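Per-entry structural report
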Amino acid sequence: MTDTLPVRLWARLSFASRLMLGAALALGIAGFVLLYSTTQRDAAYLAVELEQQLRDELAAQLPALADFVVIGDNGTIEQILTARVKQPNIRRLVWRAVNGGTVDVVNNAPHFRAPGWFAGWVTAAAPQGARSVSVGGHDYGIITVVMGADASVDRLWQGFLSHAWILGLAMGLDFLGILFILHYGLRPLVALSAGARRLGAGELATRIEPEGSPEMRQTIAAFNHMADELARSLRELDESRENLSITLHSIGDAVIATDREGAVTGMNGVAEQLTGWREEEARGRSLAEVFPIVNAHTRQPADNPVARVLATGAIVGMANHTVLLSRVGPEYQIADSAAPIRNGEGNIVGVVLVFRDVTEEYALREAVQESEARFRAIFEQAAIGMIQRDPSSGRFVRANRKFADIVGYTPEELSRLTFHAITHQDDVAADAQRLALLKAGNISEFVREKRYWRKDGSVVWVRVTVSRLGDTGFNVAAVEDISGRRQAEEDLRIAAIAFESEQAMMVTAADETILRVNGAFTDLTGFTSE
C-alpha cells in the first residue's frame, strides 16, 4: 500500500477513533441519501400540487370576472386580481381584453427564504396557464395565471431542516451509543493491553478479571490460561537451567557453550580454570578470544573446532599436539571434542565444546614414544640378534637384521613363521618348558644354548636370553651366534681325546717351537713336558 498522508493518518488513529470516523462517514452518507430522496420526493409532490392549483385558479377566475369584463370595468378587475394574487403560490395575474386593455398584477411580497443552492437542488418549476373569458358566447379576453414556487420551496426547505435536525439528533444519539459501547466494550481490551505489558515486564502473576461481552470473557480467559502456561514454562525453564548449570559445573571436564555465531554463552569452573576467563567476562566474546589454541610443534593457530561444527553439522575432535594458551600464562596440552546444539526443529543453535587437560598424559606419551623410538633403534641396530615373540601364537612379531642373518631368512619371511618352526626338534621340549614358566611368572628370564634350522637346512648354534617385554604380553629374546665357539670347543674336545692316546704327539708353533706334548711322547723321548 502506498504510504500516502491519509494512510499515515489512518495508521495513527486509535481503534475508537477509527470506529467513530467510520460510523460518521456511514451515517453521513446514509443521512444524505435519505434527505436527498425525501426532498426530491416532496419536490415531485410540489410540482403536482402547483399544477392542480393552477387549474383550480383558472377555473375560479371565470365567475369572478364575468360581470366586469362585459362592462369593461378594468378598475374592479384589477381589485379582484390584486386580491387573488395574494394567494399562496400565485406570482402574477394578467388580464388582456380583446379591445386592447390590459391589467397586470404581480405579487412582490418576499416569500422565499431557502438558500439558492437548495432551490436549484429541488429544481421546482413555476407553471403558468391562460384561458379565454367568454360570456354569452362572446369572447371578451384572456386571463393568464403565473404560479410561483417560492412558498412551496420554502415549505420544502422547512421540511428539509426538520428532517436534517431529526437526522442530526439520531446521529448524535448513535454516536453517544457508540461512545457508551466503546467505553465499556474497550475497557476489557485496555485491561488486556495493560496486562500484556505487565506480563512482558516480568510480572508473571498478572491475571485479568473476566468482564465484558462473552467474546471478551473468552479472550480474557485465554489470556489468563496463556499466562498460567507461560509462568509454568518459565518455572520449568528456570529449573532446567539450574539443573543444567549444576550438571555443567559438576562435570570433571571443561565445558564451553557457544551460540551459532561462535560467541560464548556459558562455561563451567574447569573451563574457567584452564582458560583463565571467568564466565561473566567470557560471555558474549568470541571463542577464538577465550579459547586460543595453537599447534604444540609449529606454534601456529589451530583450527577452531566450533567453526568446523557450524560448517559441517557433525561432531569433530581436536587434532593431536594442541595447546591451549591460558589468559593468565600457563599452557595446557588438551584433548577435546565439539558437538552441535540443535533445537526442536533440528536447526543448529550453538555448539558445546568439551575438553580436558592432558599435559601429564601428553608428556608421558611423548616419553613413551621417545622410549619406544630408542628401543626400536637399539633393537634394529643391535650387534646380536633381537626378536619379539607373541606367546599366544608363537609367531615372530619383530626381528632385526642380525637375527635374520643368523637364520638366513628375511624379516618379512620370519613374520610368517613361528618360534618353534625354526627350532631344532631336540630343543623344542626344553624351550616349551621354560617358556611356560616365563608365561606363568615363575621366572623373569632364562638363558640357554640351542639350535636353529637355517633356511638352507644347516644348523646354527645360538645362545638365547628370553624375558618378558613389560606388560605387553610379548617375549623379547637376545640371540647370539655361538656356532664358532661351539666348533672350537668340539675341536678342543677332540684334541684332548687325541692327546690321551698311546701315540706320541706334540704341538708346535709356526717357528717349530714345541708348545705341548703328550705322555706317550715323553715316554718315547725321555724328555719331560717342561
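Right, let's walk through the structure included here. Just so you know, these numbers come straight off a predicted model, no measurement behind them.

So, how was this worked out
- Residues numbered from 1 in each chain as written.
- Predicted model: local features only at pLDDT ≥ 70, side-chain atom pairs only at ≥ 80, totals over all residues.
- Heavy atoms only, no water.
- Pairing = 2+ DSSP bridges.
- Helix = DSSP H or I, 4+ residues; strand = E, 2+ residues; numbered from the N terminus.
- Axes fitted to C-alpha atoms, helices over the stretch in contact; angles between N-to-C directions.
- Contact = heavy atoms within 4.5 Å.
- Core = buried A, V, L, I, M, F, W, Y, C linked by side-chain atoms within 4.5 Å.
- Buried < 20%, exposed > 50% of the residue type's maximum accessible area, 1.4 Å probe, protein only.

Section: the sheet that holds strand β3 (residues 128-135)
Overall, antiparallel pairing links the 4 strands, which are arranged β2-β1-β4-β3 in an open sheet. With partners counted over all chains shown, the strands left at the sheet margins are β2 (102-106) and β3, one partner each. Averaged over all pairs of adjacent strands, the angle between their axes in this sheet comes to 15°, without regard to strand direction. Judged from the 7 bridges that link them, strand β1 (residues 90-97) and strand β4 (residues 138-147) form a sheet pairing that is antiparallel. Residue pairing across strands places Leu93 opposite Val145, the latter belonging to β4. Along the sheet, helix α3 (residues 74-85) makes contact with β1, β2 and β4, crossing β1 at roughly 160°.

Here we look at the pairing of β1
Taken together, the 5 bridges between β1 and β2 define a ladder with antiparallel strand orientation. Its bridge partner being in β2, Trp95 is matched across the sheet by Val103. Counting the residues in the hairpin turn of β1 and β2 gives 4 residues, including Gly100, whose phi is positive at 105°.

What to know about the nonpolar core
Core analysis: the biggest nonpolar cluster contains 38 residues, and Leu65, Val69, Ile77, Leu81, Trp95, Phe118 and Val153 have the highest contact counts within it. Of all elements in the fold, only α2 (15-71), α3, β1, β2, α4 (116-122), β4 and α5 (150-185) reach the threshold of two or more residues within this core. For this core, the element with the highest residue contribution is α2, accounting for 10 residues. Non-local contacts of Val69, meaning those with residues more than four positions away in its chain, are made with Ile77, Trp95, Val133, Val135 and Tyr140. Formed by 22 residues, the second largest nonpolar core is a distinct cluster that contains Leu287, Ile293, Val306 and Phe355.

Considerations on the sheet that holds strand β15 (residues 459-468)
Across the sheet, which stays open at both edges, the 5 strands sit in the order β13-β12-β16-β15-β14 with antiparallel pairing between neighbours. Of all the strands in the sheet, the pair left with one neighbour each is β13 (396-399) and β14 (445-453). Each neighbouring strand pair of the sheet contributes to a mean axis angle of 25°, computed without reference to strand direction. The pairing of β14 with β15 spans 9 bridges and is antiparallel. Following the sheet pairing, Arg448 is matched in β15 by Val464. Helix α15 (residues 428-440) rests against β12 (385-389), β14, β15 and β16 (475-481) of the sheet, and its axis sits at about 150° to β14.

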